[in-house]
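What the coordinates show
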Amino acid sequence: MYALNYVKAKSVKEAAGFLARNPEAKLLSGGMTLLPTLKARLARPTHLVDIGHLAELRKIAVKGGRLLVGAGARHHEVATSAVVKKAIPALAGLAGEIGDPQVRNRGTIGGSVANNDPAADYPAAVLGLAATVVTTKREIAADRFFQGLFTTALEDGEIIVRIEFPLPKRAAYSKFHHPASGYAMAGVFIAQTAGGVRVAVTGAGPGAFRWTAAEAALANGLKPAALEGVKLDSREFNNDMHADREYRANLVRVMAKRALAKLSGKK
Amino acid sequence: MNMAKVTIKVNGKNHTKTVEDRTLLVDFLRDELKLTGTHVGCDTSQCGCCTVHVNGRAVKSCTMLAAQANGASVVTIEGMAKKDKLHPIQRAFSECHGLQCGFCTPGMIMATAGLLKDNPNPTDAEIYKGLEGNLCRCTGYINIVKAVKMSARLLRGGKR
Ligand SMILES: Cc1cc2nc3c(=O)[nH]c(=O)nc-3n(C[C@H](O)[C@H](O)[C@H](O)COP(=O)(O)OP(=O)(O)OC[C@H]3O[C@@H](n4cnc5c(N)ncnc54)[C@H](O)[C@@H]3O)c2cc1C
Ligand code: FES
Ligand code: FES
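This one's a predicted model, so the numbers in the text were calculated from it and none came from an experiment. (Residues numbered from 1 in each chain as written. Chains lettered and ligands numbered in written order. Predicted model: local features only at pLDDT ≥ 70, side-chain atom pairs only at ≥ 80, totals over all residues. Heavy atoms only, no water.)

Regarding the pairing of strand β8 (residues 160–166) of chain A
Working note: regular strand, side chains alternate between the two faces of the sheet. Residues and elements named next belong to chain A. What counts is decided by this rule: Strand pairing is defined by DSSP finding a minimum of two bridges between the two strands. The helix and strand labels rest on DSSP assignments: H or I over at least four residues marks a helix, E over at least two residues marks a strand, and numbering proceeds from the N terminus.
Across five bridges, strand β5 (residues 66–70) lies against β8 in antiparallel orientation. Bridge pairing in β8 links R66 to P166. Alignment of strand β6 (residues 132–135) against β8, held across four bridges, turns out to be antiparallel. Across the sheet, V133 pairs through a bridge with I163, a residue of β8.

Quick word on the nonpolar core
Condition: Take the buried residues of types Ala, Val, Leu, Ile, Met, Phe, Trp, Tyr and Cys, join any two whose side-chain atoms come within 4.5 Å, and each joined set is a nonpolar core. Think of it in three bands: with a 1.4 Å probe and only protein chains considered, a residue is buried below 20% of the maximum accessible area for its type, exposed above 50%, and partly exposed in between. The contact definition used throughout considers only heavy atoms, calling two residues in contact when any of these lie within 4.5 Å.
Counting 40 residues, the largest nonpolar core has A:L91, A:V113, A:Y122, A:V126, A:I163, A:F165 and A:F189 as the members making the most contacts within it. Residues contacting A:L91, with those up to four places away along its chain left out, are A:L67, A:V78, A:V84, A:Y122, A:A125 and A:F165.

Let's talk about the sheet that holds strand β11 (residues 196–202) of chain A
Residues and elements named next belong to chain A. Inclusion rule: Interaxial angle, 0 to 180 degrees, is taken between N-to-C directions of lines fitted to C-alpha atoms, where a helix line uses only the stretch in contact.
Taken together, the four strands give an open sheet; going across it, the order is β9-β10-β11-β12, and neighbouring strands pair in antiparallel fashion. Strand pairing shows two members of the sheet lacking a second neighbour, β9 (170–177) and β12 (209–210), which therefore form its edges. Relative to β9, helix α5 (residues 89–96) is tilted by about 15°, and along the sheet it contacts β9 and β10 (184–193).

Section: the packing of helix α3 (residues 105–118) of chain B against helix α5 (residues 142–155) of chain B
Residues and elements named next belong to chain B. The condition is simple: For classification purposes, angles smaller than 35 degrees are called roughly parallel, those larger than 145 roughly antiparallel, those between 65 and 115 roughly perpendicular, and all remaining angles oblique. Helix crossings get a hand from a simple test, with the near helix turned counterclockwise from the far one by less than a right angle marking a left-handed crossing and a clockwise turn marking a right-handed one. Lys, Arg, Asp and Glu make up the charged group, whereas Ala, Val, Leu, Ile, Met, Phe, Trp, Tyr, Cys and Pro make up the nonpolar group; the residues left over, Gly among them, are polar.
At their nearest, the axes of α3 and α5 sit 11 Å apart, and the two run at 50° to each other. As the angle between them shows, α3 and α5 are arranged oblique. At the point where α3 passes α5, the crossing takes the right-handed sense. Side by side, α3 and α5 meet where M108, T112, L115 and L116 of the first sit next to I144, V148, S151, A152 and L155 of the second. Considered class by class, the residues forming the contact of α3 with α5 number seven nonpolar, two polar and no charged.

So, unusual backbone geometry
Phi is positive for A:R41, which is not a glycine, with a value near 55°. With respect to the helices and strands, the residue A:R41 is situated in the loop between α2 (34–39) and β3 (47–50). On the basis of relative accessibility, which here comes to 47%, the residue A:R41 falls in the partly exposed class. Even without a glycine there, the phi angle at B:N55 is positive, about 45°. B:N55 sits in the exposed class, given a relative accessible area of 54%.

Digging into the site of ligand 1
All names here are of chain A. Quick reminder of the rule: Being near a molecule or strand, for a residue, means having at least one of its heavy atoms within 4 Å of it. What qualifies as a polar contact is a pair of N or O atoms within 3.5 Å, subject to a donor-acceptor requirement within protein and to the restriction that residues adjacent in sequence count only when both atoms come from side chains. Exposure was quantified through the Shrake-Rupley algorithm and a 1.4 Å probe, taking into account, for residues, occlusion by the shown protein chains and nothing else. Marked domain ranges trace back to an automatic or database domain assignment.
L27, G31, L34, T108 and D121 are the nearest of the 31 residues found near ligand 1. In the environment of ligand 1, an oxygen atom lies 2.8 Å from a nitrogen or oxygen atom belonging to the backbone of M32. Expressed as a share of its isolated accessible area of 980 Å², the protein-covered part of ligand 1 is 94%. Mapped onto the shell around ligand 1, the elements with two or more residues apiece are β2 (26–28) and α7 (109–115). A breakdown of the residues in the shell around ligand 1 according to their chemical character gives 14 nonpolar, 13 polar and four charged. Formed jointly, the shell around ligand 1 draws a minimum of three residues from each of two domains, domain 1 (1–53) and domain 2 (170–263).

A short note on the pattern of salt bridges
For the record, the criterion: Salt bridges are counted wherever a side-chain nitrogen of Lys or Arg sits within 4 Å of a carboxyl oxygen of Asp or Glu.
Inspection of the entire model under this criterion finds 21 salt bridges over all chains. The shortest N-O distance in the salt bridge between B:D118 and B:R57 comes to 2.9 Å. Separated by 61 residues along the polypeptide, B:D118 in helix α3 and B:R57 in strand β4 (residues 57–60) bring together distant segments of the chain. Classification of B:D118 as partly exposed rests on a relative accessible area of 45%. One network of salt bridges, with partners in common, ties together A:K137, A:R138, A:E155 and A:E158.

Details of the pairing of β4(B)
Residues and elements named next belong to chain B. Relative to β4, strand β3 (residues 51–54) runs antiparallel, the two being bridged by four bridges. Residue pairing in the sheet places V52 in a bridge with V59 of β4. A loop of two residues connects β3 with β4, the two strands running antiparallel in sequence, and N55 in this loop sits at a positive phi of about 45°.

A closer look at the packing of aromatic side chains
Residue and element names in this part refer to chain A. Put simply, the rule is: Ring pairs are drawn from Phe, Tyr and Trp, using the six-membered ring of Trp, whenever the two centres fall within 6.5 Å, and their geometry is named by plane angle: stacked under 30 degrees, edge-to-face over 60, tilted for the rest. Either the NZ atom of lysine or the CZ atom of arginine qualifies as a charge over a ring when it sits within 6 Å of the ring centre and within 35 degrees of the ring normal.
For the coordinates displayed, the defined rule picks out three aromatic pairs over all chains. Ring centres of F145 and F146 lie 5.0 Å apart, and the angle between their planes is 85°; on these two criteria the pair is classed as edge-to-face. By relative accessible area, which is 9% here, F146 ends up buried. Consider the rings of Y173 and F189, whose centres lie 6.0 Å apart with planes at 35°: the pair is tilted. Taken together, the positions of Y173 in strand β9 and F189 in strand β10 put the pair 16 residues apart, joining distant regions of the chain. Positioned above the aromatic ring of Y2, the side-chain terminus of R41 is 3.5 Å from the ring centre.

Here's the deal with the side chain of A:D121
Residues and elements named next belong to chain A. Mapped onto the secondary structure, D121 falls in the loop between α7 and α8 (122–128). In terms of polar contacts, D121 uses its side chain to reach the side chain of Y173, at 2.5 Å. D121 has contacts with L94, E97, I98, Y173, K175, A184 and T202, leaving out every residue within four places of it along the chain.

Re a nonpolar patch on the surface
Residues and elements named next belong to chain A. Spelled out, the test is: Patch definition: residues with relative accessible area over 30% and no salt bridge; like charges joined within 9 Å; nonpolar side chains (Val, Leu, Ile, Met, Phe, Trp, Tyr) joined within 5 Å.
Taken together, the side chains of V62, V83 and L167 define a hydrophobic patch exposed on the protein surface, amounting to about 210 Å² of accessible area. Relative to the assigned elements, V62 resides in strand β4 (residues 60–63). Looking at V62, the relative accessible area reads 42%, which means it is partly exposed.

Taken by themselves, the reported measurements are silent on function.
Here it is as structure tokens:
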């Protein structure tokens, strides 16, 4: 591991102050993405500001029709939380499908959402459930938060504090795991929300996106048959050694149908 | 480069060392404490050879800084046996031939301990999923799965 300076923040406020004074510093949460990135010399921050241990970031609760998940909640905590399982079982299920047990014991929702890996799972849920990303500076709607490949609306020094998920009527996630890494080759999150049906796709394109044609097709009933022939623009889909564009496009359709099957109680 | 004092309880005993901030937990264990049972297979968070428990949860110690574990309680493979008596999971791996070269075994055993804590009686599918973070290049996993099943029986107080 290359040279670095480590700072353990005593509070979110102190971390925010430190970031404001040190523009080249970076937050450290679970470290499951950032530490490998440093080892690969893909980033060279002056300081790592650790917020992974802060209890103020680990709260999980339901309040006013919303599920609030602290940015520091680990994947394992979300997967096994009785509160999450009751409020949005699909979100608990998604967290339990991330990586492997060791990764889930360290990795956090805030780190995953901030990182916005195109194959990450949480962005599909945040987008599919029309969640709000609450930061130290403002509240950002999911539709504005994710801006493509590893890019988000976060400004320098802005810290995600929690994610607020409006409770859906029902929701389901289906993911095709990359057999080695566990990341999503394609993952589809479908939710029936107060604002209508939302379909969010991860893994296939350069970042999570809403499949609006499918949303329109499902507006009159969450039936797999409604997806037949629905347009899916795959021109910008990832085309790499793991899978080509056409294969990913097909996976998206299959995962969407599986998510619908879960919604109707069929496996 | 920054150095800092780090105190970590390892296998029940507190150790305080002054280390560089970049020190990984696995390097703290291997280089500072000479606990070389925890292995480094990939150094890229893939293989699970470096698995130890931090505050009761299995983690990959190549992907955690010693500074992040400051104040925590860590259990390594060296902390599993009681004097000359193997831990039931070690016994099961030995009896089931759950290893060939043995390089992955410390990590497999620590991951198994983590799995069985959450799920004392896993099915085959749950074992595959529970050991997803650990790679073995020798065994083909069949005897590892057998060893996990025997471990579960032994830990539940049953017979081999
Ligand atoms: C072997 C392996 C398999 C994996 N498989 C999957 C998978 O299947 N699906 C999946 O989705 N992910 C997977 N991951 C990634 C994992 O989920 C990471 O935990 C996650 O992407 C990052 O979370 P973290 O807490 O570890 O963040 P860190 O690595 O600590 O940080 C990641 C980035 O986010 C920033 N950041 C952290 N917290 C905040 C915050 N509160 N506010 C603003 N910025 C912040 C950091 O500065 C950094 O840039 C895998 C990782 C590994 C090592
Ligand atoms: S050495 Fe840590 S996961 Fe391979
Ligand atoms: S026994 Fe050789 S790597 Fe597993």
